[in-house]
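Okay, here's what each chain looks like letter by letter:
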Amino acid sequence: MSPLPVPRAEVVVDLAALRHNVRTLAEHCGAAMMTVVKADGYGHGMVEVARAARDAGSSWLGVATIDEALALRAAGDTGRVLCWLTVPGEDHDAAIAAGVDVTAYSLAELAEVEAAVARTGTPARLQLKIDTGLSRGGSTYADWPALVEAARAGEVAGRWRVTGIWTHPASADEPDDPANDSQEQVFRDALDLAAAAGLEPEVRHFANSAAAILRPSARFDLVRCGIASYGLDPAPGHTPDLGLVPAMTARATLAMVKDVAAGSGVSYGHTWVADRPTTLGLVPVGYGDGVPRSLSNHASVGIAGKQRPVRGRVCMDQLVVDLDGDRPEPGTDVVLFGTGRDGAPTAQDWAEAAGTISYEIVTRFGGSRVTRTHVDTEVRA
Ligand SMILES: *Cc1c(COP(=O)(O)O)cnc(C)c1O
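Nothing here was measured: the structure is a model prediction, and the numbers come from that model.

(A) Focus on the sheet that holds strand β17 (residues 319–322). Within the open sheet, the 9 strands sit side by side as β11-β14-β17-β16-β15-β18-β10-β1-β19. Their pairing is mixed. Whereas interior strands pair on both sides, the edge strands pair on one side only; in this sheet they are β11 (256–260) and β19 (371–375). The sheet shows a mean angle of 35° between the axes of neighbouring strands, taken without regard to direction. Across 4 bridges, strand β10 (residues 248–253) lies against strand β18 (residues 333–337) in antiparallel orientation. Following the sheet pairing, R251 is matched in β18 by V335. This element, helix α1 (residues 15–29), spans β1 (9–14) and β19 of the sheet and lies at about 40° to β1.

Written out as structure tokens, the structure reads:
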């Protein structure tokens, strides 16, 4: 993609770190593992991440959309894949034909699956989702008895096998929030209703990364780990140190170094003015590459082992850092965020500076101008 020996901007994903994280989480949880690879593997590359997760023993992969599930099949993945977000009229036929587990939230979705089964002549693998308090997707508790009855009737009729029943927590990153206990209790009640209707799912599941790590009672048969698989902390301030390693390093190449006089305003609007003569470095990435504009005057980047603060506004294609009199050569490596081992910031550091979560930092960084490379290093635990 880049004609240069060193890319202007690059995402480097360490698949060894990813495998290490998947294995560490599986060992910690003692449940079957679903690695969540939606949104292009949280920006890490869905297909590459999926292969690494399978190598590390992940028996399930989780994605949001049918298209994502089909992309995994097209890349040769033959294992269990669950998807959970459709709109009316979406093509369930292809998912069912490809042996993907689909999720129904409602009788209307069951009817769509039933029609697809009739067209394809293939029984579906169907999971049911109950809304236990997130108030996002999933059946309400009021609608649940009718949904499980209809799902059981369809199972008896041979239209599908109900392979799973699941829900999603609202506040697993705040382990003391009473919503966790309440959601788990509602889930247990919903499982009882499903059992009374005659359903015997292979997997009952509740936990995202935070619940998987912090809440043993929420692990059930399967845990759905996204962010922690990528080595990032799902519940900052609460997560024990499991030795997870951030898999993504975002880097750029220093474009220019220059001296400026005291009183020089930096970048649009001169929101930072040098209070002394200093040296500035031009880093050729900006919000067009997924650097949050809210990092203006807030974040740092790592250059030659030192953190260098962003001065002034982050632009579309570039940002400026304060080198404080040092003069690294243009062409020097700039670590935007990564493992933290080299003294450079992590995605969590950027998230805190931007007022967001690390999920958004890694998922949004990249795009058509950023090279993405997958490497496979040894993890030194
Ligand atoms: C994204 C997602 C996950 C993964 O959440 P993390 O916090 O990244 O572990 C799990 N389950 C569902 C339904 C999701 O949408």
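Next, the rest of the story.
(B) Expanded view of the environment of G138. Tracing the backbone through its elements, the reader meets G138 in the loop between β6 (124–129) and α7 (144–156). Overall, the relative accessible area of 17% leaves G138 in the buried class. Separated by 35 residues in the primary sequence, G138 and T103 place their C-alpha atoms 9.0 Å from one another. Those residues in contact with G138 that lie beyond four places of it in its chain are Y105, K129, I130 and D131.

(C) Here's a closer look at the UniProt feature "domain: Alanine racemase C-terminal" (unreviewed entry) in the protein. UniProt's entry tags residues 247–375 with the feature "domain: Alanine racemase C-terminal" (unreviewed entry), counted in the numbering of this structure. Spanning residues 247–375, this segment combines 12% helix with 35% strand, and its end C-alpha atoms are found 10 Å apart.

(D) Examining the packing of α1 against helix α3 (residues 46–55) more closely. Where α1 meets α3, the closest approach of the two axes is 9 Å, and the angle between their N-to-C directions is 45°. Taken together, α1 and α3 sit at an angle that is classed as oblique. When you trace α1 past α3, the crossing you get is right-handed. Residue-level inspection shows L15, L18, R19, V22 and R23 of α1 in contact with α3, the latter providing E48, V49, A52, A53 and D55. A per-class count over the contact of α1 with α3 returns 6 nonpolar, no polar and 4 charged.

(E) Layout of empty space enclosed by the protein. Overall, the coordinates contain 1 cavity of 30 Å³ or more when judged by the stated rule. Taken as a whole, the largest cavity holds about 30 Å³ of empty space. Considered class by class, the residues forming the lining of the largest cavity number 8 nonpolar, 2 polar and no charged.

Reading the values: the criteria
- Residues numbered from 1 in each chain as written.
- Predicted model: local features only at pLDDT ≥ 70, side-chain atom pairs only at ≥ 80, totals over all residues.
- Heavy atoms only, no water.
- Pairing = 2+ DSSP bridges.
- Helix = DSSP H or I, 4+ residues; strand = E, 2+ residues; numbered from the N terminus.
- Axes fitted to C-alpha atoms, helices over the stretch in contact; angles between N-to-C directions.
- Contact = heavy atoms within 4.5 Å.
- Buried < 20%, exposed > 50% of the residue type's maximum accessible area, 1.4 Å probe, protein only.
- UniProt positions renumbered as here; feature names shortened; annotations may be inferred.
- Parallel < 35°, antiparallel > 145°, perpendicular 65-115°, else oblique.
- Left-handed = near helix turned anticlockwise from the far one by under 90°.
- Nonpolar A, V, L, I, M, F, W, Y, C, P; charged D, E, K, R; others polar.
- 1 Å grid on protein atoms, 1.4 Å probe; cavity = no way out; pocket = protein on both sides within 12 Å on 5 of 7 lines; lining within 4 Å.
- Points joined across faces, edges and corners; volume = space filled by probe spheres on them.

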